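Examining the three-dimensional arrangement
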Amino acid sequence: MADAAVKGRFAVVGGGLAGLMTVIKLAEAGQHVDVFSIVPVKRSHSVCAQGGINGAVNTKGEGDHPDIHVRDTLRSGDFLLEQVAVKGMCYAAPGIIYLLDRMGVPFNRTAFAGATTGQQLLYALDEQVRRYEAEGKVTKHEFWEFLGIVRDEGGPCRGLVAMNLHTMEVKSFAADAVCLASGGPGIVFGRSTNSTINTGTAAASVYRDGAIYANGEFIQVHPTAIPGEDKLRLMSESVRGEGGRVWVPSDGGMDERSKTQRPPKGEPWYFLETWYPKYKNLVPRDVGTREIFHVCRDLKLGIDGKDAVYLDVTHIPAKTLDAKLKGVLELYEKFQGVDPRYQPMKIFPAMHYSMGGLWVDIEGDSNNLPVPGSPRNQSTNIPGLYAAGECDYAYHGANRLGANSLLSCIYAGMITGPAMVSYAKNAASTEGSTALLDREEKRWKERFAGIQKMQGNENPYGLARELGDLMTENMTVVRYNDRLTKALERIKELKQRWQNINVLDTAVGTTNQPLSFVNQLWNMLELAHVMTQGALLRDECRGAHYKPDHNLPVPSHRDPTQDPVWMAKWKERNDKWLKFTKATWTAEGPKITYEPVKFPVLEPEPRWYA
Amino acid sequence: MADTSGKQIILRVKRGGAGKEARWEEFALPYKPNMNVISCLMEVQRNPVTRDGAKTTPVAWEQSCLEEVCGSCTMYVNGKIRQACTALIDKLEQPVVLEPMSKFPLVRDLVVDRHSMFENLKRVKAWIPIDGTYDLGPGPRESQAAQQAEYVMSTCMTCGCCVESCPQVNSASAFVGPAILNQVRRFNMHPTGKLNAAERTRALMGKGGVQECGKAQNCVKVCPKEIPLTSSIAVMERETVKQAIKDFFSRGDGDATGSA
């Protein structure tokens, strides 16, 4: 598309908020877009977001300002963020909220659309994309799974190969540029708060083809989720806020930490109240998460020996509960079949969000905002391949600020669309790439023909469960190097066992879910390898990455800047570790390098959570 | 807690592909507390063996969020059309019988193709026409009451329960079904959406339109989001009549409503 007047043809993989916003921006610029999604885009994981969407709208003159939002975001991510991208996002946030309002999201002007914000926002974008689809500017390929990019040897991305999940047909598609907006990798952890479609397979595939995966070790865990055999469902933090008490049935033993006797066997032991007499059940999220994990895993005192503790609101009058927590408690009842107003809820921390993802570039201007329309914005290290949404690494650093995920997805999409158009204007024509497309299509057909013949004795779903248990055990709340080393060995062993998989289903010409899953499982193993390797090497505590053996000491003063010895240690830690982890695929496993973070917007500040 | 060791769940699944005769398969699964239909199907994936000990393939079904907001896992569970994720084993009679939706083309096992619902959303222009995504400030103000009403209607996840339950949706009819009618009502209420109200309403006047509703009222009973579908249908019936009269008297004046 060397001539700017010629309309391009672009591809977007994923139909959540980031993907659909990218589509809208491309279509609005008069381009044609092919959207690939493994489910109808309206069923994408963005529908699950229950929180709100941040934005300094300042509706009531409360003095809110985007700079405050920038600071909160950078602090929450412990400064391991792309600062220009973050500033751009926070400054764009009020405009994004107004845009969604114009699209018909029933906001009640507090930037919040009931308990189903994600659903409301996704539908608003879905409707706009449907309008472009009706106008012929967008072609949806729903129930098509992205398999891999088509790339000149070491050169730019020329298109992609995808598979029709209703017929298992494998086909290549040319594109002037491709955007991956394929979401997070929750299913690598087996059960999480993520949808079952969130395997991370698309991101892993391009990582395999040379894209850099950054900050993979940063995984956010939500402290309270409803354990389920099929998934872990988010339970709002508001339950603790409204007076919920956390306990496990006592074993009647001695508590070494507080040097007190636990209550008689079977009676409630309120461990947070024992250990944190001041904050009790209102300890910060991370602390609550770690202690619940500790009680179940290390003390083995989880309910019935399992990974669960009670979150109890039965002491609060039902009337009060209905006024404050009705929706949340109804959700519990719907999936657990018991009324939490009269029976304590069972909860456990759950993998929730990946801060890490595909490394992307951002070009900053003199105000440290992304240059509008720069082809560098959201570009991976592969020319012509872009990434946006949970599958990019830029916006959340070491820990995501609540209510920033929806915003980051929409914002990333807003700058990715124009970036792709700019890129294509200057890129060489895709003409002549037919041979390349054919070659890659053939390669993927052969790959699946190979999987189709796998008649070993490993069940792919059983293997996936083993991987999930391994990752949840070692790569969520607390991390220890000896355990991570063992986990890495296990991942390599699982990769070996993958070779001996049984595909379970040899049907052709119709939907064959195990066939697709076997390929996805390999990609999940690749990502698990990246995450675990990154975690093993990073000897520090930062945000969601918690290594008790490598924590800073407790500062002697409440304000750590008043403790020069501590400050020196803090600075030393930052000099060593305030760097993005960058993983590059090699046949032997991920090659990890580090890129120092730049601070054009805000210098790092010390923090200490006591 | 009751001793549940050795307890089994019997799952009876209608299986097969398009154009082939369906077959039934039964699975005996170990009981665990708090299971739902999805976790049973996942158990079958890990051990695809029938109750008689015969090897089989994992059951094909659609799933995604498992929180009843995506609409994917709609199927018949013990004869009732619903999402499988909220179908708790402890609340179901055994054997638990699973069947695919019948008003949509069968793909395989419990997977059907609900593409037609999304096509119908296109037909009725189910969107708010906006002037680009540039920074143009907030949209028009709406009352809290109007927002509240639209909010409930906007929670439709296009799961298809209402379409499945509707006797008027069958191989001999082109009826768009309750969900689509509700979407037209929702967009026609919105201050900007109103600009295309006439077009949307007209799209419900021809073949497959609102007049094909037979007042069975099944839809409102099966809607997992408790959307007031029958009242949306009643509103659209009135609106189509009004639109027809308006169009009759403005023949030759051209269409002032414009298009998106």
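Residues numbered from 1 in each chain as written. Chains lettered and ligands numbered in written order. Predicted model: local features only at pLDDT ≥ 70, side-chain atom pairs only at ≥ 80, totals over all residues.

**Concerning the overall build of chain B**
For chain B, the helix and strand inventory stands at 8 helices and 7 strands. Each of the three principal axes of chain B carries a C-alpha extent, and together these read 75 × 40 × 35 Å. Relative to its full complement of 260 residues, chain B shows a buried share of 47%. Here the analysis covers contacts within chain B between residues at least 6 apart in sequence; of these, 63% occur between residues at least 24 apart. (Helix = DSSP H or I, 4+ residues; strand = E, 2+ residues; numbered from the N terminus. Buried ≥ 20, exposed ≤ 12 C-beta atoms within 10 Å, placed from the backbone. Contact = placed C-beta atoms within 7 Å.)

**Describing the overall build of chain A**
For chain A, the helix and strand inventory stands at 15 helices and 20 strands. Taking the principal axes of its C-alpha atoms as reference, chain A extends roughly 75 × 65 × 50 Å. When each of the 610 residues of chain A is scored for burial, the buried share is 57%.

**Description of the sheet that holds strand E11 (residues 245–249) of chain A**
The pairing of strands in a sheet happens through backbone hydrogen bonds and is either parallel or antiparallel. Reading across the sheet, the 6 strands line up as E10-E9-E16-E15-E11-E14 (chain A) and stay open at both edges, with antiparallel pairing between neighbours. Since the sheet does not close on itself, it has two edges, and those belong to strand E10 (233–234) and strand E14 (268–269) of chain A, each with one partner. (Pairing = 2+ DSSP bridges.)

**A few points about the interface of chain A and chain B**
Contacts between chain A and chain B engage 54 residues on the former and 55 residues on the latter. Only helix H1 (17–28), helix H3 (83–102), helix H4 (117–134), helix H9 (318–336), helix H12 (460–475) and helix H14 (513–537) of chain A provide two or more residues apiece to the side of chain A that touches chain B. If one sorts the elements of the side of chain A that touches chain B by residue count, H4(A) sits on top with 9 residues.

**Description of the confidence of the model for chain A**
All names here are of chain A. Confidence along chain A averages 93 in pLDDT terms, with 96% of residues attaining 70 or more. Predicted confidence for residues 1–6 stays below pLDDT 50, and this span has 10 contacts to residues more than four positions away or in other chains. Counting contacts from residues 109–114, a segment whose pLDDT is below 50, to residues more than four positions away or on other chains yields 14 contacts. (pLDDT = per-residue confidence, 0-100.)

**Observations regarding the domain arrangement of chain B**
Residue and element names in this part refer to chain B. The domains assigned to chain B are domain 1 (8–112) and domain 2 (115–249). One C-alpha centre belongs to domain 1, the other to domain 2, and the line joining them spans 31 Å. Each partner contributes to the interface: domain 1 provides 12 residues, whereas domain 2 provides 12 residues. Ranked by the residues each element gives to the side of domain 1 that touches domain 2, the list is headed by strand E4 (residues 80–83), at 3 residues. (Domains from an automatic or database assignment.)

**Describing the pairing of strand E5 (residues 157–164) of chain A**
Residues and elements named next belong to chain A. Where burial is concerned, most of E5 is hidden: 7 out of the 8 residues are buried. Where strand E4 (residues 144–151) and E5 come together, 7 bridges link them in antiparallel fashion. By the bridge assignment for E5, Glu 145 is matched with Met 163. A loop of 5 residues connects E4 with E5, the two strands running antiparallel in sequence, and Gly 154 in this loop sits at a positive phi of about 65°. As paired elements, E5 and strand E6 (residues 170–174) share 5 bridges and run antiparallel to each other. Within E6, the residue paired with Met 163 across the bridge is Val 170. Counted along the chain from E5 to the antiparallel partner E6, the turn is 5 residues long, and its residue Met 168 has a positive phi close to 65°.

**Describing the sheet that holds E6(A)**
All names here are of chain A. With antiparallel pairing, 3 strands are arranged side by side in an open sheet as E4-E5-E6. Among the strands making up the open sheet, the edge pair consists of E4 and E6. Each strand of the sheet is rotated relative to its neighbour by a mean of 30°, with strand direction disregarded. Against the sheet, helix H11 (residues 434–452) contacts E4, E5 and E6, and its axis sits at roughly 155° relative to E6. (Axes fitted to C-alpha atoms, helices over the stretch in contact; angles between N-to-C directions.)

**Observations regarding the nonpolar core**
By size, the foremost hydrophobic cluster in this structure holds 251 residues, and its most contacted members are A:Val178, A:Leu180 and A:Leu358. Those residues in contact with A:Leu358 that lie beyond four places of it in its chain are A:Leu180, A:Ala203, A:Val206, A:Ala211, A:Tyr213, A:Thr380, A:Ala387, A:Cys391, A:Asp392 and A:Tyr393. (Core = buried A, V, L, I, M, F, W, Y, C linked by C-beta atoms within 7 Å.)

**Considerations on the domain arrangement of chain A**
How big an interface is tends to be expressed through the accessible area that disappears when the partners come together. Residue and element names in this part refer to chain A. When its domains are assigned, chain A resolves into domain 1 (9–44 + 125–221 + 352–437), domain 2 (225–349) and domain 3 (443–596). For domain 1 and domain 3, the distance between their C-alpha centroids amounts to 22 Å. Facing the 39 residues of domain 1 at the interface are 41 residues of domain 3. Only E4, E5, helix H5 (201–208), strand E8 (213–214) and strand E9 (219–226) provide two or more residues apiece to the side of domain 1 that touches domain 3. For the side of domain 1 that touches domain 3, the residue count by class is 21 nonpolar, 14 polar and 4 charged. (Nonpolar A, V, L, I, M, F, W, Y, C, P; charged D, E, K, R; others polar.)

**A word on the pairing of strand E3 (residues 138–142) of chain A**
Residues and elements named next belong to chain A. Burial along E3 is one-sided: Val 138, Lys 140 and Glu 142 are buried, and none of Thr 139 and His 141, which face the opposite way, are. Pairing between strand E2 (residues 32–37) and E3: 5 bridges, direction parallel. The residue bridging Phe 36 from the neighbouring strand is His 141, located in E3.

**A look at helix H8 (residues 285–297) of chain A**
Residue and element names in this part refer to chain A. Counted at 1.5 Å a residue, the expected span for H8 with its 13 residues is 18 Å, and the 18 Å between its end C-alpha atoms agrees. Every buried residue of H8 is listed here: Gly 288, Thr 289, Glu 291, Ile 292, Phe 293, Val 295 and Cys 296. Packed against the buried residues of H8 are E9, E11, helix H7 (271–275), strand E15 (309–312) and strand E16 (345–354). (Expected span 1.5 Å × (residues − 1).)

**Structural notes on H5(A)**
Residue and element names in this part refer to chain A. Burial within H5 is extensive, with 7 of its 8 residues counted as buried. Among all positions of H5, only Thr 201, Ala 202, Ala 203, Ala 204, Ser 205, Val 206 and Tyr 207 are buried. Trailing H5 by a residue or two, Gly 210 shows a phi angle of about 115°, which is positive.

**Comments concerning the environment of A:Val530**
All names here are of chain A. Take Val 530: it is sitting in helix H14. Taking the C-alpha atoms as reference points, Val 530 and Ala 388, 142 residues apart in sequence, are found 19 Å from one another. Leaving out residues up to four positions away in the same chain, Val 530 has contacts with Tyr 207, Tyr 213, Gly 216, Ala 583 and Pro 590.

**Section: the packing of helix H3 (residues 144–154) of chain B against helix H5 (residues 178–189) of chain B**
Two quantities define a packed helix pair, namely the angle between the axes and the distance from one axis to the other. Residue and element names in this part refer to chain B. For the pair H3 and H5, interaxial distance at closest approach is 9 Å and the crossing angle is 150°. The orientation of H3 with respect to H5, classified from their angle, is roughly antiparallel. By crossing handedness, the relation of H3 to H5 is classed as left-handed. Of H5, the residues touching H3 (which contributes Ala 146, Ala 149, Glu 150, Met 153 and Ser 154) are Asn 182, Arg 185, Arg 186 and Met 189. Across the contact of H3 with H5, the residue classes tally to 4 nonpolar, 2 polar and 3 charged. (Parallel < 35°, antiparallel > 145°, perpendicular 65-115°, else oblique. Left-handed = near helix turned anticlockwise from the far one by under 90°.)

**A word on the confidence of the model for chain B**
Chain-level statistics for chain B give a pLDDT mean of 93 and a share of 95% at 70 or above. In the predicted assembly, ipTM is 0.95 and pTM is 0.95.

**A look at the packing of H12(A) against helix H13 (residues 481–498) of chain A**
Residue and element names in this part refer to chain A. The N-to-C vectors of H12 and H13 enclose an angle of 170°; their axes lie 10 Å apart at closest approach. As judged from the angle between their axes, H12 and H13 are roughly antiparallel. Each of Leu 463, Glu 466, Leu 467, Leu 470, Asn 474 and Met 475 in H12 lies in contact with H13, whose residues at this interface are Arg 483, Leu 484, Ala 487, Arg 490, Leu 494, Arg 497 and Trp 498. By residue class, the composition of the contact of H12 with H13 is 8 nonpolar, 1 polar and 4 charged.

**Quick notes on unusual backbone geometry**
Residues and elements named next belong to chain B. Cis geometry marks the peptide bond from Gln 94 to Pro 95; its omega dihedral reads -5°. Of note in this structure, Lys 215 is not a glycine but carries a positive phi near 60°. Position of Lys 215 relative to the elements: it lies in the loop between helix H6 (197–203) and helix H7 (218–222). Under the C-beta neighbour-count criterion, Lys 215 is labelled exposed, with 9 such atoms within 10 Å.

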